[in-house]
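Residues per chain, in single letters:
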Amino acid sequence: MELDSLITLFQKKDLTAFEKLYEMYSKNICGVINTIVRDTELAEEICQDVFLKIWNQSESYDVSKGRFFTWILNIARNAAIDEVRSKSYKQGKKNLPADYFVGILENKDNLNLKVDAIGLRSLLKNLKEQCKQLIELLYFKGYTQKEAAETLDIPLGTIKTRNRSCISQLRKNIP
């Protein structure tokens, strides 16, 4: 079945369409969530919540604003960032070593396969190192622009300008 038809059925609350879309996207969405929360069980729980949310808000998807996968990915990313910023998450992570949080893009475990599976690896490979670093902080680790500025010890305005520039470079890499 064609993706557009599947999405239309999904928006009409067709359970079979939901199941197929879940089957198509859940592994990648869980993988992205896991890059942010760094906890497989928690990532799976958030992933379930994300799919319930898109089911309940299916009518809010607008094809003119972007691809369906991107819509789900943005909801998932926001849910994962909200979780990381939550008090309960921070309490549970207080005693973890610093290296637990370092090097998402350079990590050599199967996360690379998950990132590559959704096409991010090829988009990032041609970027300057400063763009890779900024994108890692803002989009993979969920930093705010202010937090990234403090971490990189550069002005907030520079972060904002560099972020726009890096996103433009990323868009040029999209086939």
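Shown above is the structure to which this text applies.
Colleague: Just give me the short version of the overall build of the chain, but keep the residues and values in it.
Modeller: When its secondary structure is counted, the chain shows ten helices and zero strands. Sequence-ordered secondary structure for the chain, helices as α and strands as β, is α-α-α-α-α-α-α-α-α-α. Sorting the 175 residues of the chain into buried and exposed places 38% on the buried side. The long-range fraction of contacts in the chain, counting pairs at least 24 apart against all pairs at least 6 apart in sequence, stands at 60%. Here the chain has roughly 10,800 Å² of accessible surface; of this, 51% comes from carbon and sulfur atoms.

Colleague: Can you tell me about the packing of helix H8 (residues 129-140) against helix H10 (residues 156-173), naming the residues and giving the values?
Modeller: Here H8 crosses H10 at 105 degrees, and the two axes come no closer than 10 Å. As far as their axial angle goes, H10 and H8 are roughly perpendicular. Facing H8, whose interface residues are Gln-130, Cys-131, Leu-134, Ile-135, Leu-138 and Tyr-139, H10 presents Ile-159, Arg-162, Asn-163, Cys-166, Ile-167, Gln-169 and Leu-170. The residue inventory of the contact of H8 with H10, partitioned by class, reads nine nonpolar, three polar and one charged.

Colleague: Give a detailed account of the side chain of Asn-34, specifying residues and quantitative values.
Modeller: Tracing the backbone shows Asn-34 in helix H2 (residues 15-37). We classify Asn-34 as buried; its relative accessible area is 16%. Here the side chain of Asn-34 touches Asp-39 through a polar contact of 2.9 Å, landing on its backbone nitrogen.

Colleague: Please set out the environment of Lys-128 residue by residue, giving values where relevant.
Modeller: Within the fold, Lys-128 resides in the loop between helix H7 (120-124) and H8. Owing to a relative accessible area of 53%, Lys-128 belongs among the exposed residues under this scheme.

Colleague: Give me the state of the cysteines: which residues, what numbers.
Modeller: This structure, assessed with the given rule, holds one disulfide. The disulfide partner of Cys-131 is Cys-166, and the gap between their sulfur atoms is 2.1 Å. Because the torsion about its S-S bond is -85 degrees, the bridge between Cys-131 and Cys-166 counts as left-handed. With a gap of 35 residues between them, Cys-131 in helix H8 and Cys-166 in helix H10 connect regions that are remote in the sequence. There is no split in this pair, since Cys-131 and Cys-166 are both buried.

Reading the values: the criteria
- Residues numbered from 1 in each chain as written.
- Predicted model: local features only at pLDDT ≥ 70, side-chain atom pairs only at ≥ 80, totals over all residues.
- Heavy atoms only, no water.
- Helix = DSSP H or I, 4+ residues; strand = E, 2+ residues; numbered from the N terminus.
- Buried < 20%, exposed > 50% of the residue type's maximum accessible area, 1.4 Å probe, protein only.
- Contact = heavy atoms within 4.5 Å.
- Areas by Shrake-Rupley, 256 points an atom, 1.4 Å probe, with all protein chains shown as cover.
- Axes fitted to C-alpha atoms, helices over the stretch in contact; angles between N-to-C directions.
- Parallel < 35°, antiparallel > 145°, perpendicular 65-115°, else oblique.
- Nonpolar A, V, L, I, M, F, W, Y, C, P; charged D, E, K, R; others polar.
- Polar contact = N/O pair within 3.5 Å; in protein donor to acceptor, adjacent residues only side chain to side chain.
- Disulfide = S-S within 2.5 Å.

So far we have only geometry, and geometry alone does not tell us how the molecule works.
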